[in-house]
Amino acid sequence: MLVLFETPAGYALFKLLDDAKLASPDELQKDFETPALANKTVKLKAFSKFENTTDALSAVTALVEGKVSKNLKKFLSDEITDKSLSDTLAVGDSKLATSIAKKLGIKVVSDSAVNELFRGIRSQLSSLITGLAESDMSAMILGLSHSLSRYKLKFSPDKVDTMIIQAIALLDDLDKELNTYSMRVKEWYGWHFPELAKIIVDNVAFAKTIKIMGVRTNASSTDLSETLSADLEQLVKDAAEISMGTEISEEDIENITYLCDQIISIYEYRTQLYSYLQNRMAAIAPNLTSLVGELVGARLISHAGSLLNLAKQPASTVQILGAEKALFRALKSKHSTPKYGLIYHASLVGQAGPKHKGKIARAVATKAALSVRCDALGEGETPEIGIVQRAKVEARLRQLENKVFRSSNSAAAKGKPSQKPAPAASSAKSAGYNAATDVVVGASGMDVDESDDKKKVKKEKKEKKSKKDKDGDEGELSLQRSACLVCV
């Protein structure tokens, strides 16, 4: 039996001297306790050395994936196939064993006994392969493991969009922090100058104004033209003179100013992070970005887990991505399912009217599924497909918005006559009296009809009276029966 053993230096092919030893795998470790015993158990038959680190990395990558590399195929063909050897080949990896059997037609075995044999060879590898020191082997293992780790991190398709996922998550966290800090500074400074929050709505401008002005008594002598317009500046100065707020100390205004500095610094970092996210999205998913925008595209990628996972989703899933709770709640209660999820925040869906949002969301999800597949699996790096798809959705939006107006005003626009039927000529003219159409009913006929009607009425009265009598008799009988039962 031949044994294929992979080392960081190259491929080694050993010859198992006694095949019967695999029948008792528990006893194999005794045969590898010393280098002398190991040499009596297996013998090196051939060795294929890697030429450089790149060659070793490609070979190890193929082994990890369970594939047969070119070097391994050539080595096994030269040593086994070309020599017409009928020996069984022992391989440690079951996937690699299957690939070797399919491509080269070699009889392969891979089981627990082979794993015990490999463990013994690995323990005495330096003595089995001459000229390969243990220290050199350790250095080769360390260098190859580092190269393999760098290769996986660099070329893994799931790791490319990790920066986008982290950036959009951090962007949402910064927005929450900004809102929390802004509310706190408005409440805090509102005790001193409550009118300022109503005049300045923007949170960053509010913080910058407090930092420049300090207490409200400095408003008249402070230049706020860098942060506010002329009208707002005048309103702030007028309100400061008649403010109803309380007085605060210098220590209070210092702490409020520190909080304003935090708001300004967080806002500046958020602006820098948003520009970074724009650049990353334009590089990784240009078509999706041109269709739905940077923020919506990044949130879709983050919710799906990766760009490749998003590309695997159908358009119906992309449409409701982010509305899973509402979907399962609707399915459980047997109500209508949601029409949109994260894609609702796309600009195209926002432009549509309330009646058309569902249709536009479906169209945007369809085009987004096509665009993200081009980004994830295509070779192009230009947003041409996304721009074309966006133009189609905009055309569909215009068509839906103009449909009602066009249907109501199409006749007037084309100059066609009204589709309502014209009134008849006989109805336009007043009809004259025609004496020939009169009919005189005879008195005898009227008498006959009246007599028939009277007979019918009398017959109905008799039938009603007979029914009442029968009902009364039945009621009396039932009362008598009940009385008899009570007596008994």
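Criteria and cut-off values
Residues numbered from 1 in each chain as written. Predicted model: local features only at pLDDT ≥ 70, side-chain atom pairs only at ≥ 80, totals over all residues. Heavy atoms only, no water. Core = buried A, V, L, I, M, F, W, Y, C linked by side-chain atoms within 4.5 Å. Buried < 20%, exposed > 50% of the residue type's maximum accessible area, 1.4 Å probe, protein only. Helix = DSSP H or I, 4+ residues; strand = E, 2+ residues; numbered from the N terminus. Contact = heavy atoms within 4.5 Å. Patch = residues over 30% accessible without salt bridge, like charges linked within 9 Å, V, L, I, M, F, W, Y side chains within 5 Å. Areas by Shrake-Rupley, 256 points an atom, 1.4 Å probe, with all protein chains shown as cover. Salt bridge = Lys/Arg side-chain N within 4 Å of Asp/Glu carboxyl O. Lys, Arg positive; Asp, Glu negative; His and termini not counted. Charge placed at Lys NZ, Arg CZ, Asp CG, Glu CD. pLDDT = per-residue confidence, 0-100. Pairing = 2+ DSSP bridges. Axes fitted to C-alpha atoms, helices over the stretch in contact; angles between N-to-C directions. Phe/Tyr/Trp six-rings, centres within 6.5 Å; stacked < 30°, edge-to-face > 60°.

**Some details on the nonpolar core**
In terms of nonpolar packing, the biggest core is built from 64 residues, with Tyr189, Leu196 and Val236 touching the most fellow members. Considering every element that reaches this core, the biggest residue donor is helix α12 (residues 250–284), with eleven residues. In contact with Val236, not counting residues within four places along its chain, are Phe193, Leu196, Ile199, Ile200, Met213, Leu224 and Leu228. With 25 residues, the next largest nonpolar core counts Leu2, Leu57, Leu104 and Leu144 among its residues.

**As for the environment of Leu170**
Mapped onto the secondary structure, Leu170 falls in helix α8 (residues 162–190). Measuring from C-alpha to C-alpha, the distance between Leu170 and Arg270 comes to 8.9 Å, with 100 residues separating the pair along the chain. With residues up to four places along the chain from it excluded, the contact list for Leu170 reads Tyr269 and Leu273.

**Regarding a positive patch on the surface**
Taken together, the side chains of Lys339, Lys359, Arg362, Arg396 and Lys403 present a region of like positive charge at the surface. Elements with a contribution of two residues or more to the positive patch: α19 (357–377) and α20 (384–414). Residue placement: Arg396 occurs in helix α20. Residue classification places Arg396 among the partly exposed positions, given a relative accessible area of 33%.

**Structural notes on the confidence of the model for the protein**
The predicted model of the protein has a mean per-residue pLDDT of 82, with 82% of residues at 70 or higher. Taken together, the stretch residues 418–431 has pLDDT below 50 and engages in zero contacts with residues farther than four places along the chain or on a different chain. Per-residue pLDDT stays below 50 along residues 439–450; that stretch engages in one contact with residues further than four places along the chain or on separate chains.

**Brief notes about the sheet that holds strand β4 (residues 89–90)**
Reading across the sheet, the five strands line up as β3-β2-β1-β4-β5 and stay open at both edges, with mixed pairing between neighbours. Bordering the open sheet on either side are β3 (42–49) and β5 (108–109), each of which pairs with just one other strand. Across two bridges, strand β1 (residues 2–7) lies against β4 in parallel orientation. If you follow Leu2 over to β4, its bridge partner there is Leu89. Against the sheet, helix α5 (residues 112–123) engages β1, β2 (10–16), β3, β4 and β5, with an angle of about 55 degrees to β1.

**Notes on the packing of aromatic side chains**
Under the counting rule described, the total for this entry stands at six aromatic pairs. Summarising the aromatic geometry, the rings of Tyr189 and Phe193 are spaced 6.5 Å apart at their centres and angled 55 degrees between planes, so their arrangement reads as tilted. Per residue, the accessibility class of Tyr189 equals that of Phe193, and both read buried. Aromatic side chains Tyr340 and Tyr344 sit 4.9 Å apart centroid to centroid with 40 degrees between the ring planes, which places their arrangement in the tilted category. Exposure remark for Tyr340: the relative accessible area of 27% places this residue in the partly exposed category. With a relative accessible area of 36%, Tyr344 lands in the partly exposed category. Through a chain of ring-to-ring contacts, three or more aromatic side chains come together here, namely Phe5, Phe14 and Phe118.

**So, the pairing of β1**
Both faces of the sheet carry side chains from a regular strand, because those side chains alternate between them. For β1, a buried count of five out of six residues is recorded, marking the element as mostly surrounded by other parts of the structure. Linkage of β1 to β2, two consecutive antiparallel strands, is achieved through a turn of two residues.

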